[in-house]
Amino acid sequence: MTDGIQQPDGRSNRDEDDAKLARRDFLKGAGAATVLGLTGLSAADDGATNGLEVVDDPIGSYPYRDWEDLYREQWDWDSVSRSTHSVNCTGSCSWNVYVKDGQVWREEQAGDYPQFDDDLPNPNPRGCNKGACYQDYVDAEQRVLHPLKRTGERGEGKWKQVSWDEALTDIAEHVVDEVAAGRYDAISGFTPIPAMSPVSFASGSRLINLLGGVSHSFYDWYSDLPPGQPITWGTQTDNAESADWYNADYIVAWGSNIDVTRIPDAKYFLEAGYDGAKRVGVFSDYSQTAIHTEEWLAPDPGTDTALALGMARTIVDEGLYDESHLKEQTDMPLLVREDTGKFLRASEVSGLGSGVDDPEKTFVMLDADGEPRVAPGSLGDRDGQNDPTESIELDFDPQLDVEGSVGGVAVRSVWNRLTDELATYTPDYVYEETGVGRETHQRIAREFADAEKAKIIHGKGVNDWYHNDLGNRAIQLLVTLTGNLGEQGTGLDHYVGQEKIWTFHGWQTLSFPTGSVRGVPTTLWTYYHADILENTDEETAARIREAVDEGWMPVYPSEREDGTRPDPSTMFIWRGNYFNQAKGNVAVQENLWPKLDLIVDVNFRMDSTALYSDYVLPSASHYEKHDLSMTDMHTYVHPFTPAVEPLGEAKTDWEIFRLLAEKIQEVAQQRDLDPIPDRSFDRDIDLQSVHDDYVRDWASGEEGALAEDRAAAEYILEQSEESNPSDSDSQITFADTVEQPQRLEAAGSHWTSPIEDGEAYTPWKNFVQDKQPWPTFTGRQQYYIDHDWFLELDEELPTHKTPVDENDPDEYPLRYNTPHGRWSIHSTWRDNERMLRMNRGEPVVYLNPEDAERKGIEDGDTVRMYNDLGEVEAQAKLYPSGEEGTVRHYFAWEKYQYPDHQNFNELVPMYMKPTQLVQYPEDSGEHLYFFPNYWGPTGVNSDVRVDVEPVEGGDES
């Protein structure tokens, strides 16, 4: 008998048996309580606690199995639809959407991208945690279900539900008034990034174009555009698809936080490391990507240019550069006059240039014998910016190192000027300026140059600074010096948003059917109409006015014959959150917004822009429409299809703008309004036919062909070289994309390489391998810009300039940075409960512990960030991985998530860099000319200083 036998701890066996029984009873009770909790009942309500039994066999005999039914129901559905997410994340991931009882039940990565190269990691699956919970938005509390008309002040949140007819009639009457009065160019349309949903992009853009209104840029406005690429390479961002990362032997992640902002593609970065590629991270903080690199370089904020130029000096000084690449592919052998700093033209050399169309735009090299030779492929020796019929291939050996005279004119080569510039970036200088070790940056430069295939993945971090163009050009120089361009596994890949669209021609003609487009750089438009121009420094203001007066950069409404310029009156916003993302937010709210008589937001949720609009029209969610999706991260196209019907009174973007066109036509016919002659284009704006024109297929002439969004998607695929190649009978249809994602058939003329079977897309092959002229003034990668403004500002070559201090460093000692975060795509999902649970659920500011200690701030305190412009409150989080002297406040929190509707951009001024306003050549602009999202002034986020202090009692509140 064992009763009463003492154990070493003083307990008896009876005590132990009782304890086991008590635990079984507890577990059984807990299980019952869990199940009952699902119904809202307590155990006491039905006496459940009085009848609990010990469960001896929880597998074979377990009465509380309701939770299993819940799990099984996840795998029980009525239908499955293919869709994706219309967000500016560069992901473009195909998803299956499961529907039960008319509701989205769950979503799952589709995982059926066809593999085009068995030597590369499988492209499947693609997706992230944000996409996995988009279903939350379909039935969210903040979902807009009915047309809403503002009744209080903008931002006050007072609304009246109205009928579609009332809303459309009111808006149409206003639009007709504006067009009839000749103020059609006071009507603006803002929507970002066509690649993420080109039909939805085109829905409003098409109507704006027919009205003679203004379409806004976005890629430059978001600071996403790297201006150094149009400057140097003559084209907007072109990148390898992410699968090509695996082909590299050496990868530098430069300011691209891949594991946070490129989640569906991060596998290629990781797999490349497993395959033996060395990975180097260049981040000012020890980021989520830095932890996966073999080496981490941490330049001080705003000093990336100095680091890149220091590395370039090492490559040049040690003879590690690719001389043949530099001679054929770049402007390094071109001659520059010592007296003016301008390129020596063929017209200035006796007996040279007689065989070219325009010797004034043709450049000069010296051959091995010291004789002047025409540089093939110069703008004056080809037909326009892009001319694939010409070649830059050399039939002589040009000199790189030139210093002397030609025809009595003292000249030096671009190469000599560059080496003089690089002489500044000694190891000591680089260390003092950047904090990166003297030996470290030199060793990394040598390794990069010695690698067989080296690649730089360039992120947005550099673009946020005022001198972003210099940073881009300096980092680009590293791949140019080493000849790492135009082959698999090489290049500089810049990814920020789905900036380029594959099916270009179809999208373009659907969006802008008249072919006459009023495009405007949003940064300049906002700067001008928010009255910031009146408060900027004299020199910058003068250059801005000159750029506008010279016609280099447009501002709308246009100046009238009497010298006046009306204010903008009307703004349509869809697929974007302009008000939330606006740099100079205080000026936008106080000066620009009051000028607008009507602001219409087409939206599926109540975001910051919607809150500050006059009408909010409910749009279909991503799971309730037909559209297409693509990205330069891969070479596939796949669709949106409606998994469920639009909730409430929501309608697709295409239907909303079609119905508005119909209402405008109805109002114009009632007024018998005559066509309005367009001031700038050879066309009339005919509002009596605007709906008929909207639904007409302008390519075939078929009336009413584009009444539905699916027909618009088919039009894009049919009219695009990428999906319907001109030299092939093969064509991708919408039905094909529904079956599975389709790899595109070809690359149109706005891409710089072909799409090849069995190869990951890699840019620049047309120039490097096929020897076509680069689309620059010189026909080469152009690092020397002899525009007057570049010369006057000492920026004709890449050079390091310290960050601009718009705020007094003594008064505001901390730099303010607003990077992209993990838990949202811009502002989408910033208000999502599941994503908020993944972090602290409210706006958070990241502080280095040393800075926090000096300020008397502890983790979790409420702090106030402030400068001359405003103040913002947020919760403090101690971040040991961040450098001292920087405040990180991940961007895109909605205004209503802050006390008093503050905004992360309230601390950010708005200013523009004059070099991004030029036209080049000045008289004709084939190289640099305003084109939306190709060339224009970028927004600036990072040259900002603040101070931080704890809010008294904030930790308790």
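Residues numbered from 1 in each chain as written. Predicted model: local features only at pLDDT ≥ 70, side-chain atom pairs only at ≥ 80, totals over all residues. Heavy atoms only, no water.

## Describing the overall build of the chain
Selection rule: Helix numbers and strand numbers start at the N terminus; a helix is a DSSP run of H or I with at least 4 residues, a strand a run of E with at least 2. Note that the radius of gyration is over C-alpha atoms, with the globule rule given as 2.2 Å times the number of residues to the power 0.38. Here the term buried applies to any residue with accessible area under 20% of the maximum for its type, exposed to any over 50%, and partly exposed to those in between, with areas from a 1.4 Å probe on protein chains only. Only heavy atoms matter for contacts: two residues are in contact if any of them lie within 4.5 Å across the pair. For the accessible areas, the method is Shrake-Rupley and the probe is 1.4 Å, while residue cover comes only from the protein chains on display. In this tally, Asp and Glu contribute negative charge and Lys and Arg positive charge; neither His nor the terminal groups of the chain are included. Working definition for charges: the position is that of NZ of Lys, CZ of Arg, CG of Asp or CD of Glu.
Check the secondary structure of the chain and you find 28 helices and 32 strands. Over its C-alpha atoms the chain spans a radius of gyration of 30 Å, differing by no more than 12% from the 30 Å that the globule rule assigns to 957 residues. Projected onto its principal axes, the C-alpha coordinates of the chain cover approximately 115 × 85 × 65 Å. By residue count, 61% of the 957 residues in the chain fall in the buried class. Taking the contacts inside the chain whose residues are at least 6 apart along the sequence as the reference set, 74% of them involve residues at least 24 apart. Accessible surface for the chain amounts to roughly 35,000 Å². Of this, 43% is attributable to carbon and sulfur atoms. Separation between the mean location of the 80 positive side-chain charges and that of the 179 negative ones in the chain comes to 3 Å.

## Notes on the nonpolar core
The condition is simple: Among buried residues, the Ala, Val, Leu, Ile, Met, Phe, Trp, Tyr and Cys ones that are joined through side-chain atoms within 4.5 Å form a nonpolar core.
The biggest cluster of nonpolar side chains holds 173 residues, and the ones touching the most others in it are Trp254, Phe572, Tyr578, Trp593 and Ile664. No other element matches the nine residues that helix α21 (residues 653-671) contributes to this core. Here Tyr578 is in contact with Phe190, Trp221, Thr522, Trp525, Thr526, Met571, Ile573, Val588, Leu592, Trp593 and Thr609, once residues within four sequence places are set aside.

## Digging into α21
Under the convention used in this document: Given a helix with a known number of residues, its expected span is that number minus one, times 1.5 Å.
In a regular helix each residue adds 1.5 Å, so 19 residues correspond to 27 Å; α21 covers 27 Å between its end C-alpha atoms and thus fits that length. Downstream of α21 by a residue or two, Asp672 has a phi angle that is positive, lying close to 50°.

## Here we look at helix α11 (residues 414-422)
In terms of residue burial, α11 counts as a mostly covered element, since seven of its nine residues are buried. All buried positions along α11 are accounted for by Val414, Trp415, Asn416, Arg417, Leu418, Glu421 and Leu422.

## Topic: the pairing of strand β32 (residues 945-950)
Side-chain positions along a regular strand alternate between the two faces of the sheet. Worth spelling out the cut-off: A pair of strands counts as paired when DSSP detects no fewer than two bridges linking them.
The sheet contact formed by strand β27 (residues 814-817) and β32 spans two bridges and is antiparallel. Bridge assignment links Leu814 to a residue of β32, and that residue is Val946. In this sheet, β32 lies alongside strand β29 (residues 862-866) in antiparallel orientation, the contact comprising four bridges. Counterpart to Arg864 in the pairing with β32 is Glu949.

## Here we look at the pattern of salt bridges
The criterion, for reference: The term salt bridge refers to a pairing of a side-chain nitrogen on Lys or Arg with a carboxyl oxygen on Asp or Glu at a separation within 4 Å.
Inspection of every chain in the model, using the stated rule, returns 70 salt bridges. With a closest N to O distance of 3.3 Å, Glu108 and Arg106 form a salt bridge. Note on Arg106: relative accessible area 9%, which makes it buried. We note a salt bridge from Lys595 to Asp567, for which the minimum N-O separation is 4.0 Å. Here Lys595 is found in the loop between α19 (585-592) and β20 (598-603), whereas its partner Asp567 is found in the loop between α17 (538-549) and β19 (570-574), with 28 residues between them in sequence. Look at Lys595 and you get buried, because its relative accessible area is 18%. For Asp567, a relative accessible area of 41% gives the class partly exposed.

## Looking at the sheet that holds strand β9 (residues 278-282)
Our working rule: Only C-alpha atoms enter the line fits that serve as axes; for helices the fit covers just the stretch in contact. Angles between N-to-C directions range over 0 to 180 degrees.
As summarised here, the arrangement of the five strands in space is β10-β9-β8-β16-β17, forming an open sheet in which the pairing is parallel. Edge positions in the sheet fall to β10 (295-297) and β17 (491-494), since each has one partner strand and no second. The average angle at which neighbouring strand axes cross in this sheet is 20°, direction not considered. Helix-sheet contacts for helix α13 (residues 438-450) involve β8 (250-254), β9, β10 and β16 (454-458), and the interaxial angle to β10 is about 125°.

## Re the sheet that holds strand β23 (residues 636-640)
A sheet is described by the order of its strands in space; here three strands give the open sequence β22-β23-β26, paired in antiparallel fashion. In this open sheet, the two strands that pair with only one neighbour each are β22 (627-629) and β26 (742-743). Note that β23 and β26 share two bridges and pair antiparallel. Looking at β26, one finds that Val637 is bridged to Gln742.

## Observations concerning the packing of helix α9 (residues 304-317) against helix α12 (residues 427-434)
Helix packing for two helices is described by the angle between their axes and how far apart those axes are. To keep things clear, this is the line we draw: The cut-offs work like this: below 35 degrees is roughly parallel, past 145 is roughly antiparallel, 65 to 115 is roughly perpendicular, and the gaps in between are oblique. Here a crossing is taken to be left-handed if its near helix is turned anticlockwise relative to the far helix by less than a right angle, and right-handed if that turn runs clockwise. All amino acids are sorted into three groups, where Ala, Val, Leu, Ile, Met, Phe, Trp, Tyr, Cys and Pro are nonpolar, Asp, Glu, Lys and Arg are charged, and the leftover types, Gly among them, are polar.
Following both chains from N to C, one finds α9 and α12 inclined at 160°, their axes separated by 9 Å at the closest point. The pairing of α9 with α12 is recorded here as roughly antiparallel in orientation. In the packing of α9 onto α12, the handedness of the crossing is left-handed. Judged by residue contacts, Ala306, Leu307 and Gly310 of α9 engage Tyr429, Val430, Glu433 and Thr434 from α12. For the contact of α9 with α12, the per-class residue count stands at four nonpolar, two polar and one charged.

## Notes on the environment of Trp75
Relative to the helices and strands, Trp75 resides in the loop between α2 (66-73) and β1 (79-83). Classification of Trp75 as partly exposed rests on a relative accessible area of 49%. Expressed as a C-alpha distance, the spacing of Trp75 and Gly353, which sit 278 residues apart in the sequence, is 74 Å. Setting aside chain neighbours within four positions, we find Trp75 in contact with Arg106 and Glu108.

## Some remarks on the packing of aromatic side chains
The condition that has to hold: A pair of aromatic rings is counted whenever rings of Phe, Tyr or Trp (Trp by its six-membered ring) have centres within 6.5 Å, and the orientation is called stacked for planes under 30 degrees apart, edge-to-face for over 60 and tilted otherwise.
Following the criterion strictly, the structure yields 46 aromatic pairs and no others. A ring pair is formed by Phe343 and Tyr784, whose centres lie 5.3 Å apart and whose planes are at 70°; its orientation type is edge-to-face. Within this pair, whereas Phe343 is found in the loop between β11 (335-337) and β12 (364-366), its partner Tyr784 is found in the loop between α25 (765-768) and α26 (788-792), the two being separated by 441 residues in sequence. Each of the two residues, Phe343 as well as Tyr784, counts as buried. Ring geometry for Trp502 against Trp751: centres 3.7 Å apart, planes inclined by 10°, an arrangement best described as stacked.

## Here we look at the packing of helix α15 (residues 504-511) against helix α23 (residues 709-718)
Between α15 and α23, the shortest axis-to-axis distance is 6 Å and the interhelical angle comes to 130°. One way to sum up the angle between α15 and α23 is to call them oblique. Between α15 and α23, the contacting residues are Gly506, Trp507, Thr509 and Leu510 on the first element and Ala712, Tyr715 and Ile716 on the second. Grouping the constituent residues of the contact of α15 with α23 by class yields five nonpolar, two polar and no charged.

## Looking at the pairing of strand β3 (residues 103-109)
As defined by bridge partners, strand β2 (residues 95-100) adjoins β3 across six bridges and the pair is classed as antiparallel. Among the inter-strand pairings, Lys100 is bridged to a residue of β3, identified as Gln103. Between β2 and β3, which pair antiparallel one after the other, the connecting turn spans two residues, and Asp101 there sits at a positive phi close to 55°.

## What to know about the confidence of the model for the chain
As a reminder, the rule being used: Confidence scores labelled pLDDT are given residue by residue by the predictor and lie between 0 and 100.
Overall, the predicted model of the chain reaches an average pLDDT of 92, with 93% of residues at or above 70. The low-confidence segment residues 1-49 (pLDDT under 50) makes 36 contacts with residues lying over four places distant or belonging to another chain.

## Thoughts on the side chain of Ser188
What counts here: Two N or O atoms form a polar contact when they lie within 3.5 Å of each other; inside protein one atom must be a possible hydrogen donor and the other a possible acceptor, and for residues adjacent in sequence the pair counts only when both atoms belong to side chains.
Along the polypeptide, Ser188 turns up in strand β6 (residues 187-190). Classification of Ser188 by relative accessible area gives buried; the value is 1%. One polar contact links Ser188 to His216, side chain to side chain, over a distance of 2.8 Å. Beyond its immediate chain neighbours, meaning those up to four positions away, Ser188 contacts Ile208, Val214, His216, Trp525, Thr570, Met571 and Phe572.

## Observations concerning a nonpolar patch on the surface
Spelled out, the test is: The patches reported here contain residues having more than 30% relative accessible area and no salt bridge. Joining distances are 9 Å for like charges and 5 Å for nonpolar side chains (Val, Leu, Ile, Met, Phe, Trp, Tyr).
Taken together, Tyr71, Trp75, Trp77 and Val80 make up a surface patch of nonpolar side chains, about 440 Å² in accessible area. In this fold, Trp77 is placed in the loop between α2 and β1. Looking at Trp77, the relative accessible area reads 31%, which means it is partly exposed.

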